[in-house]
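Each chain is listed here by its residues.
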Amino acid sequence: MNILTTFASTTEAPKESVVAALGIDGTLLIFQIVAFGLLTFALGKWVYPVFIRTIDKRQAMIEESTRAAVEAEKNAAKTQAKIDKLLTEARMEAREIVATAKDEATSMVADAETKGKQQAEHIVTMARESLAKDVIAAKKALHNETIELVALATQKVVTGAMTPAIDEKVITKALEATK
Amino acid sequence: MANRLSRSKIASYVADEVQHGGSLDLALQRVAGYLVESRRTRELTLVVRTIEDALAARGIVIASITAAQALDSQLREAIEKTITADTLYLREKVDPSVIGGVLVETPGSKLDATIKRKLLALRRAKI
């Protein structure tokens, strides 16, 4: 509205100054410059330092965080390396353990086989000895039984066949043997 | 209570009696009476054996003959010839369990030629 008024007045009075012709109020301008300066000063004195401090703090924090992140990354890398090393060591140890376990298992199997063979041989030997004893006992029993049978048969036959004549011969022969 | 006499003294008494022509039966009756009186009847077998030994020492032999069948005179003579004695008494016994042969027992010796002993010897061969 003011601009329109100013423009209208300019067209109506072409002899005024350029500033006036442009519609600029000098007093207002000065007042505005002073106000701007005061505002700038006030902002520079009280507001900006707060913002700058905050921004600096934030920047410091960000830098700190960045450093921490870098540090953490480095630590992570180191940790990763340690983990890798530990894993490698663990794998090697595991391989050794597995190898040792395999060796021990093989040794145990071999021992078990040896013991088993020895036990089997012992059992076979015992069985043979037992069998031999049984055979000897059976032979003895057979021998004794045969003798008993022979004695019984002889007794029966001789008892049945013994006549006075035969008895006399037996006695005569026995008496002759004593001479 | 009668004095306790040893078996050898009793045997010597009987042997002396027999040797000097005394009666064997009488002597034995006295010995039997003594054994009963002195309560030594359990020693009878031992006393008899001791008497036989004492008699044998004096040449009087009492031989026990066991056979399955009764012996004839021929066999008896043959047996008597095998026994050395001044006077020989035979005590014969028939025992069918001996099956055959003869068992002659004299004080201090024994001839067992019975079939029973041979069978026993065979059975003793058992392991």
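For clarity, every value in this text was computed on a predicted model and none was experimentally measured.

### So, the nonpolar core
Right, on to step 1. Counting 15 residues, the largest nonpolar core has Ile 10, Val 14, Val 31, Leu 35, Val 47, Ile 51 and Leu 55 of chain B as its most contacted members.
Right, on to step 2. Only helix H1 (7-19), helix H2 (24-37), helix H3 (44-57) and strand E1 (60-67) of chain B provide two or more residues apiece to this core.
Right, on to step 3. Once you skip the residues sitting within four places of it in the chain, Ile 10 of chain B turns out to touch Leu 5, Val 31, Tyr 34, Leu 35, Arg 40 and Val 47 of chain B.
Right, on to step 4. In this structure, Ile 171 of chain A together with Ala 63, Ile 65 and Ala 67 of chain B belong to the second largest nonpolar core, which totals 12 residues.

### What about the pattern of salt bridges?
Right, on to step 1. Applying the stated criterion to the full structure yields nine salt bridges over all chains.
Right, on to step 2. Ionic pairing is found between Glu 148 of chain A and Lys 126 of chain B, a salt bridge with its closest N-O pair at 2.6 Å. Note that Glu 148 of chain A is positioned in helix H3 (residues 26-161) and Lys 126 of chain B in the segment after helix H5 (115-124), a pairing that runs across two chains.
Right, on to step 3. The class of Lys 126 of chain B is partly exposed, set by a relative accessible area of 33%.
Right, on to step 4. Across the pair Arg 58 of chain B and Asp 16 of chain B runs a salt bridge whose closest N-O atoms are separated by 2.9 Å. Separated by 42 residues along the polypeptide, Arg 58 of chain B in the loop between H3 and E1 and Asp 16 of chain B in helix H1 bring together distant segments of the chain.
Right, on to step 5. Owing to a relative accessible area of 28%, Arg 58 of chain B belongs among the partly exposed residues under this scheme.
Right, on to step 6. Each of the salt bridges in this network shares a partner with another, and the network as a whole consists of Arg 4, Arg 7, Arg 40 and Glu 43 of chain B.

### Quick notes on the sheet that holds E1 of chain B
Residue and element names in this part refer to chain B.
Right, on to step 1. Strand order in the open sheet made by the four strands is E2-E1-E3-E4, with mixed pairing throughout. The open sheet has two free edges, formed respectively by strand E2 (87-94) and strand E4 (109-114), since each of these has just one partner strand. Between one strand and the next, the sheet's axes are offset by a mean angle of 20°, whatever the strand orientation.
Right, on to step 2. As paired strands, E1 and E2 are joined by eight bridges and run parallel to one another.

### Focus on the interface of chain B and chain A
Right, on to step 1. With 22 residues of chain B in contact, the opposing surface of chain A contributes 23 residues.
Right, on to step 2. Of the roughly 2,000 Å² buried at the junction of chain B and chain A (both faces included), carbon and sulfur atoms supply 70%.
Right, on to step 3. Inspection of the chain B/chain A interface yields two salt bridges.
Right, on to step 4. A salt bridge links Glu 148 of chain A to Arg 123 of chain B, with the shortest nitrogen-to-oxygen separation between them at 3.2 Å.
Right, on to step 5. Those elements that place two or more of their residues in the side of chain B that touches chain A are helix H4 (73-82), strand E3 (101-106), E4 and H5 of chain B.

### A closer look at the pairing of E1 of chain B
A regular strand places its side chains so that they alternate between the two faces of the sheet.
Residues and elements named next belong to chain B.
Right, on to step 1. With eight of its eight residues buried, E1 lies for the most part within the structure.
Right, on to step 2. Burial along E1 is two-sided: the face carrying Ile 60, Ile 62, Ser 64 and Thr 66 and the face carrying Val 61, Ala 63, Ile 65 and Ala 67 are both buried.
Right, on to step 3. Following the backbone out of E1, through H4 and into the adjacent parallel E2, one traces a crossover that is right-handed.

### Quick look at the confidence of the model for chain B
Any residue range with low pLDDT should be treated as having predicted coordinates unsuitable for detailed reading.
Right, on to step 1. The predicted model of chain B has a mean per-residue pLDDT of 90, with 98% of residues at 70 or higher.
Right, on to step 2. The ipTM value of the predicted complex is 0.79, and its pTM value is 0.57.

### Quick word on a positive patch on the surface
Right, on to step 1. A surface patch of like charges, here positive, comprises Lys 173 of chain A together with Arg 117, Lys 118 and Arg 124 of chain B.
Right, on to step 2. Looking at the positive patch element by element, the count peaks at three residues for H5 of chain B.
Right, on to step 3. Along the chain, Arg 117 of chain B falls in helix H5.
Right, on to step 4. Its relative accessible area of 35% is what places Arg 117 of chain B among the partly exposed residues.

Parameters at a glance
- Residues numbered from 1 in each chain as written.
- Chains lettered and ligands numbered in written order.
- Predicted model: local features only at pLDDT ≥ 70, side-chain atom pairs only at ≥ 80, totals over all residues.
- Heavy atoms only, no water.
- Core = buried A, V, L, I, M, F, W, Y, C linked by side-chain atoms within 4.5 Å.
- Buried < 20%, exposed > 50% of the residue type's maximum accessible area, 1.4 Å probe, protein only.
- Helix = DSSP H or I, 4+ residues; strand = E, 2+ residues; numbered from the N terminus.
- Contact = heavy atoms within 4.5 Å.
- Salt bridge = Lys/Arg side-chain N within 4 Å of Asp/Glu carboxyl O.
- Pairing = 2+ DSSP bridges.
- Axes fitted to C-alpha atoms, helices over the stretch in contact; angles between N-to-C directions.
- Buried area = accessible area lost by both parts, 1.4 Å probe.
- Right-handed = clockwise from strand over helix to strand, strands pointing away.
- pLDDT = per-residue confidence, 0-100.
- Patch = residues over 30% accessible without salt bridge, like charges linked within 9 Å, V, L, I, M, F, W, Y side chains within 5 Å.
- Areas by Shrake-Rupley, 256 points an atom, 1.4 Å probe, with all protein chains shown as cover.
- Lys, Arg positive; Asp, Glu negative; His and termini not counted.
- Charge placed at Lys NZ, Arg CZ, Asp CG, Glu CD.

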